[in-house]
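Residue-level structure breakdown
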Amino acid sequence: MNETWTLPRADDFHVHLRQDEDLPLYAREAARHFARVLVMPNLVPPVRTSQEVSAYLEAILCAAPDLHPLMAFKLSPDLTDSNIHELAKVGAVAGKVYPEGVTTHSENGVQDLRQIGHLLPAMENHALVVCCHGEKPGIFCLDREEAFLEEFSEVAAAHPQTRFVLEHVSTAAAVRRVAELGPNVAATITLHHLEITLDDVIGGNLRPHLFCKPVAKRASDRQALRKAAFSGNPKFFFGSDSAPHRMDRKECASGCAGVYSMPVALEGLAEVFDAANARERLGHFVAGFGADFYGLPRTTQTVTLIRDPWTVPAVVDGVVPYRAGETLAWRIQG
Ligand code: NCD
Ligand code: ZN
C-alpha cells in the first residue's frame, strides 16, 4: 500500500487564468488542484470595472464550474469610491496594484503606492484586500522588491484597518518587513520561490521557464522564505503565482516573465514541506491562513495525496510547466 497524506482542500491566493481560448485549460487545471483561487486581473485589457469582473467570473465558471474563483480588479489611481463600491457589490474581494512596467501586462501601473492612497478608505469600508506587486519601477531588478518596502510600510502603517498582501515575496528583507508590520499585513509565497534561486535561472544555461517576476534571488533569501512558510506564522500563506505563457512567448528573443506551476502546485508543496520535516505545517499554509486573512471560512473538504512517483510532462496545456520532465514523489489521488 502506498503511503497517503490527507490535507484540507487547498486555496491558492494568486493565480493567472488568462483569457479567451486559453482560459478553459488553465481554469480546469486550477480546479483540479484547488478549491478557491484568487484570480489576478492582468488581462489585456486589464479587469478594472464591475462589469469586467462579472464577465470574467462568468467565463471562468463556464470553463470550470467546480472552481470557486475569488475575483481581483486592477486598482489604479483613476478609480473612484463609487467604482470601488460597484466592484465590491459584484463580489470582488481584492484590488491589485501593479507598479508601472515591472511585470507581464503591467502597463499604466503606478510609480508609487501612495498614488492609490485616496482609495484606501473605500477599500477598507468594503472589506477589500489591497494586493501589491511589490517592486519599485526604475530600480535595478534585484533591488526592486526591497526598494518597494519603504512606501509599502508607510502606507500599510498609516491604514491599520486596511488589509495588504505583499504578493510573491522573494527576499529576506520582505519577509522581515511583513513579520514586523501590523496584523493588517500578510504575504503570499510561491512554490518556485521556495525551491529555486537566480542560479537556477541564469547561473548555467538560460532557463526561460524559470524566469518570473520578481526574479528568484539568493539562497539566503530562499532560506528566509522557507523559514517563513514552515514557521506557522499566519502572515505567510500560499499563492502560486502560476503564470502560463505559451512556449513561443518564453523561448524567444524577448521572453515573458511567468512560471506555470499550477500542474505541480500541491504535489510540489508536499515535497518541499515533507523534505523539511514540516508536514504538519502544510495544511495551514495552503488551506488556513490565507482564508483567515481574507475573512473566508476554511474549507471543509479534503484532498488526499498518495506517494506514487510520476514524471511531470514536458508540455501541459501548450506550456512548459514548472519541473517539466522531473519526477515528483506525491500525486493527487483520484
Ligand atoms: C505574471 C504574469 O505572467 O501574468 N508574471 C510573473 O512573472 N509573475 C505577472 C505577475 O504576477 O507578476
Ligand atoms: Zn502574478
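Heads up: these notes are all about the structure in this document. Because the structure is predicted, anything quoted here is derived from the model rather than measured. (Residues numbered from 1 in each chain as written. Chains lettered and ligands numbered in written order. Predicted model: local features only at pLDDT ≥ 70, side-chain atom pairs only at ≥ 80, totals over all residues. Heavy atoms only, no water.)

**Focus: the packing of aromatic side chains**
The description of an aromatic ring pair rests on the distance of the ring centres and on the angle between the ring planes. Scanning all chains against the criterion turns up 13 aromatic pairs. Between the aromatic rings of F238 and F285, the centroid separation amounts to 6.0 Å while the plane-to-plane angle is 50 degrees, which identifies the pairing as tilted. One end of the pair, F238, is in strand β9 (residues 236–238); the other, F285, is in helix α12 (residues 279–287), and 47 residues separate them in sequence. Both residues of the pair, F238 and F285, belong to the buried class. Clustering of aromatic rings is evident, with ring pairs tying together F34, F230, F238, F273 and F285. Its guanidinium or amino end placed over the ring of W5, R279 lies 4.7 Å from that ring's centre, counting from NZ or CZ. (Phe/Tyr/Trp six-rings, centres within 6.5 Å; stacked < 30°, edge-to-face > 60°. Helix = DSSP H or I, 4+ residues; strand = E, 2+ residues; numbered from the N terminus. Buried < 20%, exposed > 50% of the residue type's maximum accessible area, 1.4 Å probe, protein only. Lys NZ or Arg CZ within 6 Å of the ring centre and 35° of its normal.)

**Points about the site of ligand 1**
In the vicinity of ligand 1 there are 15 residues, among which R18, N42, T103, K213 and D241 approach most closely. Between ligand 1 and the protein, one listed contact pairs an oxygen atom with a side-chain N or O atom of H14 at 3.5 Å. For ligand 1, an oxygen atom lies 3.1 Å from a polar atom in the side chain of H16. Its free accessible area being 320 Å², ligand 1 has 100% of it covered by the protein chains. (Near = heavy atom within 4 Å. Polar contact = N/O pair within 3.5 Å; in protein donor to acceptor, adjacent residues only side chain to side chain. Areas by Shrake-Rupley, 256 points an atom, 1.4 Å probe, with all protein chains shown as cover.)

**With respect to the layout of surface pockets**
Empty space within the largest pocket amounts to approximately 380 Å³. Around the largest pocket, the lining comprises 19 residues; the ones closest to its centre are R18, H105, P244, H245 and R249. Roughly 230 Å³ of internal volume is contained in the second largest pocket. Along the wall of the second largest pocket there are 13 residues; nearest its centre are R207, L210, Y322, R323 and E326. Looking at the lining of the second largest pocket residue by residue, the class counts come to seven nonpolar, one polar and five charged. (1 Å grid on protein atoms, 1.4 Å probe; cavity = no way out; pocket = protein on both sides within 12 Å on 5 of 7 lines; lining within 4 Å. Points joined across faces, edges and corners; volume = space filled by probe spheres on them. Nonpolar A, V, L, I, M, F, W, Y, C, P; charged D, E, K, R; others polar.)

**Things to note about the side chain of D241**
For D241, the location among the structural elements is in the loop between β9 and α10 (247–250). No salt bridge forms around the buried D241; measuring N to O, its nearest opposite-charge neighbour K96 is 6.3 Å away. (Lys, Arg positive; Asp, Glu negative; His and termini not counted. Salt bridge = Lys/Arg side-chain N within 4 Å of Asp/Glu carboxyl O.)

**Here's the deal with the nonpolar core**
Counting residues in hydrophobic clusters, the biggest one holds 94 residues, and the most contacted among them are L17, F73, L75, L166 and F273. Tallying contributions element by element places helix α11 (residues 265–275) first for this core, with six residues. Sequence-distant contacts of L166, that is, excluding residues within four places in its chain, are made with C132, G134, F148, L149, F152, A174, V178, A186, A187 and T188. Grouped together as the second largest cluster of nonpolar side chains are 16 residues, L38, V165, F289 and F293 included. (Core = buried A, V, L, I, M, F, W, Y, C linked by side-chain atoms within 4.5 Å. Contact = heavy atoms within 4.5 Å.)

None of the figures reported here should be taken as evidence of function without further support.
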